[in-house]
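Reading the structure
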Amino acid sequence: MSVHLHWFLPTGGDGRTLVDRHAYTDGGIRRDRITPVSGVRAPDIEYLAQIAKAAEQLGFEAVLTPTGTWCEDAWLTTVALTQVTERLKFLVAFRPGVISPVLAAQMAATYQRISRGRLLLNVVTGGDSTEQKRFGDHLGHDRRYARTDEFLQIVRGVWGGRPFDFHGEHYQVEGGLTALPPDPLPQIFFGGSSAAAGPVAARNVDVYLTWGEPPEEVKQKTDWIRGLAEKEGRTVRFGIRLHTISRDSSKEAWATAGRLLDDLDPETVAAAQQALGKSESVGQQRMLALHGGSRDKLEISPNLWAGVGLVRGGAGTALVGSHAEVADRIEEYHSLGIEHFVLSGYPHLEEAYWFGEGVRPELAARGLLDAGPAPLDGAPAANGRPASAPGGAPLLIAGGR
């Protein structure tokens, strides 16, 4: 079982500190309560292309793109980026409740032909009713997961190449099909920590994603999903979503984390915690419980830092340390059955190089990576790696990233 490395496309905007803002929404927190910060990078196609090309150059297998009203549409953005990359795959996040399952199956099939088989799918059921209502979706939390269950059954049925009928509570489909099924079938990624989410993963998905919790908690979650899948006669693989702050020394990495923390005033943290606390997502509540809104004891497990989650929704933890230490933690998660590592760092362009040039060789030396994809040939960054700069996540409250 090899490690699969993936990066992230910040289609809501990028920046250098944790209080940076993306261009489209304040995530439910009033802008006048946030200290203005310079250096925000708009998510224009030229900048996103730089990140995609860097990820490909550095040997990442795929890039995750988020979904929500606060970012660009994932389907349209990534299909454009397939035209400026060669082999990079795109893990496209989408919400089942706002699109027909037959249309989604058709879009996936078309995408596979346009991209020559480079589509992966990340199903985001949605844990925030406010965000869902912006799309016109008024179902409650558990019913959204029941609908996702039906949605994925239909998508797989339609991909079978013959007219497909389905009669459920949320969908009625007669003769659903695509002109040509996708080849290969896209792998389906999915995350959810609630009791309603587990059976959906067990019955339908290829890869179950968890946010970056301490190893013992991750093991409990994977054991839970693995047991449910066995009852369905299926095998599910596992992935984890984390940020990274990797440097040539542990001291440098923790200094960067410290600078990120120094940028946060108490009012900003309080406003973010208030907004995040309203989320219906069990995974989000688990993220909040890791730090309790406090700056104290943010290293919740060796090299696992919860500081990002003070102001960012969704993935709220980062691996912080030297390249060898970050590789140690990845190896530890891998020993628990985690295959896919969906990573990010801020800014995304610079941090991709820190990880790709620092941690990836460590993992390769330990025999944890397949022979491909290897980094593409090209000129190295100045002095062999990018200049160090404070990294930070935009304050994004919507989940599923």
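What counts and how
Residues numbered from 1 in each chain as written. Predicted model: local features only at pLDDT ≥ 70, side-chain atom pairs only at ≥ 80, totals over all residues. Heavy atoms only, no water. Helix = DSSP H or I, 4+ residues; strand = E, 2+ residues; numbered from the N terminus. Buried < 20%, exposed > 50% of the residue type's maximum accessible area, 1.4 Å probe, protein only. Polar contact = N/O pair within 3.5 Å; in protein donor to acceptor, adjacent residues only side chain to side chain. Contact = heavy atoms within 4.5 Å. 1 Å grid on protein atoms, 1.4 Å probe; cavity = no way out; pocket = protein on both sides within 12 Å on 5 of 7 lines; lining within 4 Å. Points joined across faces, edges and corners; volume = space filled by probe spheres on them. Axes fitted to C-alpha atoms, helices over the stretch in contact; angles between N-to-C directions. Parallel < 35°, antiparallel > 145°, perpendicular 65-115°, else oblique. Left-handed = near helix turned anticlockwise from the far one by under 90°. Nonpolar A, V, L, I, M, F, W, Y, C, P; charged D, E, K, R; others polar. Phe/Tyr/Trp six-rings, centres within 6.5 Å; stacked < 30°, edge-to-face > 60°. pLDDT = per-residue confidence, 0-100. Pairing = 2+ DSSP bridges.

Take unusual backbone geometry next. The peptide bond linking Asp 183 to Pro 184 adopts the cis configuration, its omega dihedral lying at 0°. Along the chain, Pro 184 turns up in the loop between β6 (172-176) and β7 (188-191). Put simply, Tyr 346 and Pro 347 share a cis peptide bond, and its omega is 0°. Tracing the backbone shows Pro 347 in the loop between β13 (338-344) and α12 (348-365). Even without being a glycine, Lys 297 presents a positive backbone phi close to 55°. Along the chain, the position of Lys 297 falls in the loop between α10 (282-289) and β10 (299-301). We note that Asn 303 has phi near 65°; this positive angle belongs to a residue other than glycine. Its location among the elements puts Asn 303 in the loop between β10 and β11 (304-305). For Asn 303, a relative accessible area of 8% gives the class buried.

Another point: the side chain of Thr 148. With respect to the element layout, Thr 148 can be found in helix α5 (residues 141-158). Thr 148 gets classed as buried once you look at its relative accessible area, which sits at 1%. A distance of 3.0 Å separates polar atoms of two side chains, one belonging to Thr 148 and the other to Thr 125. With near-sequence residues (within four places) excluded, Thr 148 lies in contact with Pro 96, Val 123, Thr 125, Phe 190 and Val 200.

Attention now moves to the layout of surface pockets. The calculated volume of the second largest pocket comes to roughly 190 Å³. Lining the second largest pocket we find 14 residues, and of these Thr 67, Asp 73, Trp 75, Val 98 and Phe 135 sit closest to its centre. Secondary-structure elements contributing two or more residues to the lining of the second largest pocket are α2 (74-81) and β3 (89-94).

Okay, the packing of helix α11 (residues 323-335) against α12 next. At a closest axis distance of 9 Å, the pairing of α11 and α12 adopts a crossing angle of 60°. The pairing of α11 with α12 is recorded here as oblique in orientation. Crossing hand, α11 versus α12: right-handed. Across from His 323, Ala 324, Val 326, Ala 327 and Ile 330 in α11, the residues of α12 making contact are Trp 354, Phe 355, Gly 358, Val 359, Glu 362 and Leu 363. By residue class, the composition of the contact of α11 with α12 is eight nonpolar, two polar and one charged.

Overall, the coordinates contain eight aromatic pairs when judged by the stated rule. Between Trp 75 and Phe 94, the ring centres sit 5.8 Å apart and the planes meet at 50°, which makes this aromatic pair tilted. Here Trp 75, found in helix α2, pairs with Phe 94, found in strand β3; they are 19 residues apart in sequence, far enough to count as distant. Neither Trp 75 nor Phe 94 differs from the other in exposure class; each is buried. Plain terms: the ring middles of Tyr 208 and Phe 238 are 6.3 Å apart, the flat faces sit at 75° to each other, and that makes the pair edge-to-face. Placement of the pair is Tyr 208 in strand β8 (residues 207-211) and Phe 238 in strand β9 (residues 237-247), with a sequence separation of 30 residues. What makes Tyr 208 buried here is its relative accessible area of 1%. Taken together through their ring pairs, the aromatic side chains of Trp 75, Phe 94, Tyr 111, Phe 151 and Tyr 171 make up a single cluster.

Moving on, we get to the confidence of the model for the protein chain. On average, residues of the protein chain score 88 in pLDDT, and 87% of them reach the 70 mark or higher. Contacts for the low-pLDDT stretch residues 21-35, under 50 throughout, to residues beyond four places or in other chains number 39 contacts. Predicted confidence for residues 378-400 stays below pLDDT 50, and this span has 81 contacts to residues more than four positions away or in other chains.

Let us now look at the pairing of β9. Counting buried positions along β9 gives 10 out of 11 residues, so the element sits mostly inside the fold. One ladder, built from five bridges, connects β8 with β9; its direction is parallel. Along β9, the bridge assignment pairs Leu 209 with Gly 239. The sheet contact formed by β9 and β13 spans six bridges and is parallel. Within the sheet, the bridge partner assigned to Leu 242 lies in β13 and is Leu 343. Alignment of β9 against strand β12 (residues 318-322), held across five bridges, turns out to be parallel.

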